[in-house]
Amino acid sequence: MGDYVRILYRRILCEGSAFFDDRTRTFIYNRTRKAFRDYQGCTDETRIKAKLREARKFLYRIERANQGHSKSCLKLLQSAYGQRGKTRHRLLQPYTILPADMEPPEPLVPHAPRTAPPPPLCGPLTALVVTELKKQVAPVLPKPEYKPLHPARKANLLWRWRSNLLDRVPLPLPFEIVCELERRAGAPETHPQYAANLRVGGPMWNDLYNDQGSHPDLMHLCPTAKLLPKSNLQRQQHPLPPSPYSSGPSPYATLSMIQFVNPDFKPVESRQIIREKEPRKARRLYQRLLENSPLLSPLPSSSTIWDTKVKFKVSYSCWIPGSITQMQKEPS
């Protein structure tokens, strides 16, 4: 059991060190170390089987990405840049914490804290929900015909609507990461539509995420983080040994039937060749990342996200596929 886990752990780290994006390499390294350390002393057999299954699935996705599979590359990039998974949850957290001078809403039923409605949304999330999701911030509650709506039922409906909005709303990346993605997508720094020149994007890292620089789910997005270098060592890939919890092969499998006819038959191990990501394909992957990364104007900060007088406008990068870069007209 211990040997299989060590082999799986090393394979994930080795495959992750060959990925083309530096922040995704660091993300894979940090998340793998944290996951294996958290479940090092787990004794629940069902939980161990589930986590081993997740680790194998994660390993196969990294292997396909290193072989040039664009869909697997995009999923890894989305997980690392906060468009899905735990990194997205950490990016969303500063927008949902009320400031100290704002009181939370009172429960609908006194002395029943579970009937408290959700707190109001901040300005950036309100703009993103209305503009991108085309939804209202508050739902339309049902009106019973013969009796009023129960307060606990009303609170449950409000929280369900809020959770649905937060799960679907696209989040802005930190301003420094947006500028980095646009440069990797092909934007020259002197272009007038470059995000740094327009001053559009997400919050500055030191403003909202300064205390997240050591968290394993978000530290790879820190602009000053020490990123994992790419490994250029060519390793000979071997298939994983069978899991200690896996059952034997089916007698009706194709390989089992061939070996039944010819006991001396041995399958040829396929060598997986890790290909270097072409600059054009990598540039297109970064452009697809920018498709789901909204830009806010003005830049949100800790002092303005809860200011009702500030109206945020939502836009998208000019360097995404299918968009037309509009040059600024020179005054005549």
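Reading the values: the criteria
Every chain's residues receive numbers from 1 upward, in the order its sequence appears when written. Per-residue local features of the predicted model are confined to residues with pLDDT of at least 70, and side-chain atom pairs are confined, for both listing and counting, to 80 or more; whole-chain, interface and lining totals are unaffected and use all residues. For side-chain calculations, the full set of non-hydrogen atoms in the structure is used, while hydrogens and water are omitted. Among buried residues, those of type Ala, Val, Leu, Ile, Met, Phe, Trp, Tyr and Cys that are joined through side-chain atoms within 4.5 Å constitute a nonpolar core. Buried means the residue's accessible area, taken with a 1.4 Å probe over protein chains only, is under 20% of the maximum for its type, while exposed means over 50%, and partly exposed covers the values in between. Helix and strand assignments come from DSSP, with helices taken as H or I runs of at least 4 residues and strands as E runs of at least 2, each series counted from the N terminus. The contact criterion used is simple: two residues touch if any of their non-hydrogen atoms lie within 4.5 Å. Note on definitions: salt bridges are taken to be side-chain nitrogens of Lys or Arg within 4 Å of carboxyl oxygens of Asp or Glu. Every helix has an expected span of 1.5 Å times one less than the residues it contains. The arc refers to the directions leading from the helix axis to the C-beta atoms. Aromatic pairs are defined between Phe, Tyr and Trp rings, using the six-membered ring for Trp, whenever the two ring centres lie within 6.5 Å; interplanar angles under 30 degrees are classed as stacked, those over 60 as edge-to-face, and all others as tilted. For helices, the axis comes from a line fit to the C-alpha atoms of the stretch in contact; other axes are also lines fit to C-alpha atoms, and the angle between any two N-to-C directions lies between 0 and 180 degrees. Geometric relationships in this document are graded by angle, where less than 35 degrees denotes roughly parallel, more than 145 denotes roughly antiparallel, 65 to 115 denotes roughly perpendicular, and other angles denote oblique. The hand of a helix crossing depends on one turn: near helix anticlockwise from the far one by less than a right angle means left-handed, and clockwise means right-handed.

### Overview of the nonpolar core
Grouped together as the largest cluster of nonpolar side chains are 66 residues, with contacts concentrated most on Leu 8, Phe 20, Tyr 81, Leu 125, Leu 181 and Tyr 286. Looking at this core element by element, the count peaks at six residues for helix 3 (residues 45–66). Once you skip the residues sitting within four places of it in the chain, Leu 181 turns out to touch Tyr 81, Leu 173, Tyr 286, Leu 289 and Leu 290.

### Digging into the environment of Pro 118
By secondary structure assignment, the location of Pro 118 is in the loop between helix 5 (85–96) and helix 6 (123–133). Remark: the alpha-carbon pair of Pro 118 and Pro 107, spanning 11 residues in sequence, is separated by 9.7 Å.

### Comments concerning the pattern of salt bridges
Across all of its chains, the model carries 11 salt bridges by this definition. The residue Arg 184 makes a salt bridge to Asp 22 at a minimum N-O spacing of 3.0 Å. Of this pair, Arg 184 sits in helix 8 (residues 175–184) while Asp 22 sits in helix 2 (residues 22–38); the two residues are 162 residues apart in sequence, bridging distant segments of the chain. Residue class for Arg 184 comes out partly exposed when judged on its relative accessible area of 25%. Residue classification places Asp 22 among the buried positions, given a relative accessible area of 19%.

### Section: helix 7 (residues 151–168)
Over its 18 residues, helix 7 runs 26 Å from end to end, which matches the ideal 26 Å to within 8%, given 1.5 Å per residue. Listed as buried for helix 7 are Ala 155, Leu 157, Leu 158, Arg 162, Leu 165 and Leu 166. With its buried residues spanning 165° around the axis, helix 7 presents them on a single face. Within helix 7, the exposed residues directed more than 90 degrees away from the buried face are Arg 160 and Asp 167. At its buried positions, helix 7 is contacted by helix 5 and helix 6.

### A word on the packing of aromatic side chains
Within this structure, the stated rule accounts for four aromatic pairs. Pairing Phe 20 with Tyr 286 gives two aromatic rings, centres 6.1 Å apart and planes at 70°, and the pair type is edge-to-face. With Phe 20 in the loop between helix 1 (2–16) and helix 2 and Tyr 286 in helix 12 (residues 279–291), this pair connects stretches of sequence that are 266 residues apart. Residue class for Phe 20 comes out buried when judged on its relative accessible area of 19%. On the basis of an interplanar angle of 35° and a centroid distance of 5.5 Å, the ring pair of Trp 205 and Tyr 209 is categorised as tilted.

### Here we look at the packing of helix 4 (residues 70–80) against helix 12
Relative orientation of the contacting elements helix 4 and helix 12 amounts to 50°, with a least axis distance of 10 Å. Compared by their axis directions, helix 4 and helix 12 come out oblique. Every pair of crossing elements has a handedness; the one defined by helix 4 and helix 12 is right-handed. Contacts from Ser 70, Cys 73, Leu 74, Leu 77 and Gln 78 in helix 4 reach Leu 285, Arg 288 and Leu 289 in helix 12.

### Thoughts on unusual backbone geometry
Cis rather than trans, the peptide bond between Ser 297 and Pro 298 has omega equal to 0°. Here Pro 298 lies in the loop between strand 1 (295–297) and strand 2 (313–315). The phi dihedral of His 111 is positive, around 65°, even though this residue is not glycine. Mapping His 111 onto the fold places it in the loop between helix 5 and helix 6. Positioned with a positive phi, Lys 134 is a non-glycine residue whose angle comes to about 55°. Tracing the backbone through its elements, the reader meets Lys 134 in the loop between helix 6 and helix 7.

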